[in-house]
Amino acid sequence: MDGKVAWVTGASSGIGEALAEGLARRGASVVLSARRGEMLREVQSRCPRSEAHLVLPLDLTDTAAIPAAVSQVLGHYGRIDLLINNAGLTQRSLAIDTSLDVDRRIMDVNFFGPVALTKAVLPKMLERGSGQIIVVSSLLGKFGIGHRSAYSASKHAVQGFFDSLRAEVHDRGIGVTIACPGAVRTSASLNALSGDGTPHGRMDPFIERGLAPSDCAERILRGIEREQYEVYPARLERLALLLSRLAPGLFKRCIRAKRLEQLPK
Ligand SMILES: NC(=O)c1ccc[n+]([C@@H]2O[C@H](COP(=O)([O-])OP(=O)(O)OC[C@H]3O[C@@H](n4cnc5c(N)ncnc54)[C@H](OP(=O)(O)O)[C@@H]3O)[C@@H](O)[C@H]2O)c1
């Protein structure tokens, strides 16, 4: 990754912050995006060679602003080698109690944002015949659990879109890596939306016991270096994925009984 230009969304906290720092340590020039510019500047100042990185505040739900942001990055660095679609928003509410506005907001941030940004970055990568697109999905992009209907739907949508994209661009020099973390100790549950759109505002015990963001980021970065199709930074909860594949009926009964409810967010 030394000398590469890597764009990380959601770089103001959690996994994205750790990805930005890990990339900078590996010698990449990092474009840091999220809505909170002040937090991004703090992350930038902690990165090695801080002057090599670019803070670019961006609200991913404002898709009209994306082409100008891409032009700004290309104007600054001349190319984008890695795009890491990491920004995301989760939920803590039953489907029946979740307003359609919340369903749409989660789809806007988790699905349409990465899709719009990827479509804007891809033409230059295709022109150069190289580049890597990464998206941070979740184990819940593989199966659903209670209280995460919109979130899980958005991550399943991400999985489908980026699997299809990989099939289209692989032979043109573009790699696609999908990261499916389990629980990671970030502010995700604090920032999660309740059914009426207000913040959940609580740290879930399962998230608190999750992987350190730096550990998750390192596993993702190793997966990117190896050009893996998928990477699973998770503890034992990744066994849930195995169970869902090997014994789908039993798995669904466990989910129903809420035994796995506090698995990955
Ligand atoms: N933590 C976990 O257990 C876990 C597990 C599986 C997958 N994930 C995934 O990991 C990714 C990172 O989440 P995290 O755990 O690090 O949570 P986090 O600490 O809450 O970080 C979320 C990031 O997304 C940014 N963001 C939110 N809305 C945005 C918008 N409209 N436009 C641009 N940026 C926006 C936030 O920055 P601003 O507020 O400054 O915009 C923040 O930097 C997400 O995609 C999440 O679904 C997390």
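Residues numbered from 1 in each chain as written. Predicted model: local features only at pLDDT ≥ 70, side-chain atom pairs only at ≥ 80, totals over all residues. Heavy atoms only, no water.

Draft legend 1. Quick peek at the overall build of the chain. Regarding its fold elements, the chain presents 10 helices and 7 strands. Its C-alpha atoms give the chain a radius of gyration of 18 Å, within 12% of the compact-globule value 18 Å for 265 residues. Dimensions of the chain along its principal axes, counting C-alpha atoms only, are 55 × 40 × 30 Å. A total of 265 residues make up the chain; the buried ones form 54% of that total. Long-range pairs, those at least 24 residues apart, make up 69% of the contacts in the chain between residues at least 6 apart in sequence. (Helix = DSSP H or I, 4+ residues; strand = E, 2+ residues; numbered from the N terminus. Rg over C-alpha atoms; globule rule 2.2 N^0.38 Å. Buried < 20%, exposed > 50% of the residue type's maximum accessible area, 1.4 Å probe, protein only. Contact = heavy atoms within 4.5 Å.)

Draft legend 2. Summary view of the pattern of salt bridges. Enumeration according to the criterion identifies 13 salt bridges in this entry. Arginine 26 is the salt-bridge partner of glutamate 225, the closest N and O atoms lying 2.9 Å from each other. One end of the pair, glutamate 225, is in helix α8 (residues 213-225); the other, arginine 26, is in the loop between α1 (14-25) and β2 (29-33), with 199 residues separating them in the sequence. Of the residues examined, arginine 26 reaches a relative accessible area of 21% and is grouped as partly exposed. Of the charged contacts, one joins lysine 142 and glutamate 230 as a salt bridge, the two residues approaching to 2.9 Å between their closest N and O atoms. Here lysine 142 is found in the loop between β5 (131-136) and α5 (149-169), whereas its partner glutamate 230 is found in strand β7 (residues 230-231), with 88 residues between them in sequence. Within the structure, one salt-bridge network assembled from shared partners comprises Arg25, Arg26, Glu218 and Glu225. (Salt bridge = Lys/Arg side-chain N within 4 Å of Asp/Glu carboxyl O.)

Draft legend 3. Examining the sheet that holds strand β4 (residues 82-85) more closely. Strand order in the open sheet made by the 7 strands is β3-β2-β1-β4-β5-β6-β7, with parallel pairing throughout. Both outer strands of the open sheet, β3 (54-55) and β7, are each paired with one neighbouring strand and no more. As paired strands, strand β6 (residues 174-179) and β7 are joined by 2 bridges and run parallel to one another. Considered in β7, the bridge of isoleucine 178 is made with glutamate 230. Its contacts with the sheet place α8 against β4, β5, β6 and β7, and it is angled at close to 150 degrees to β5. (Pairing = 2+ DSSP bridges. Axes fitted to C-alpha atoms, helices over the stretch in contact; angles between N-to-C directions.)

So, to be careful, I would describe these as geometric facts and stop short of saying anything about function.
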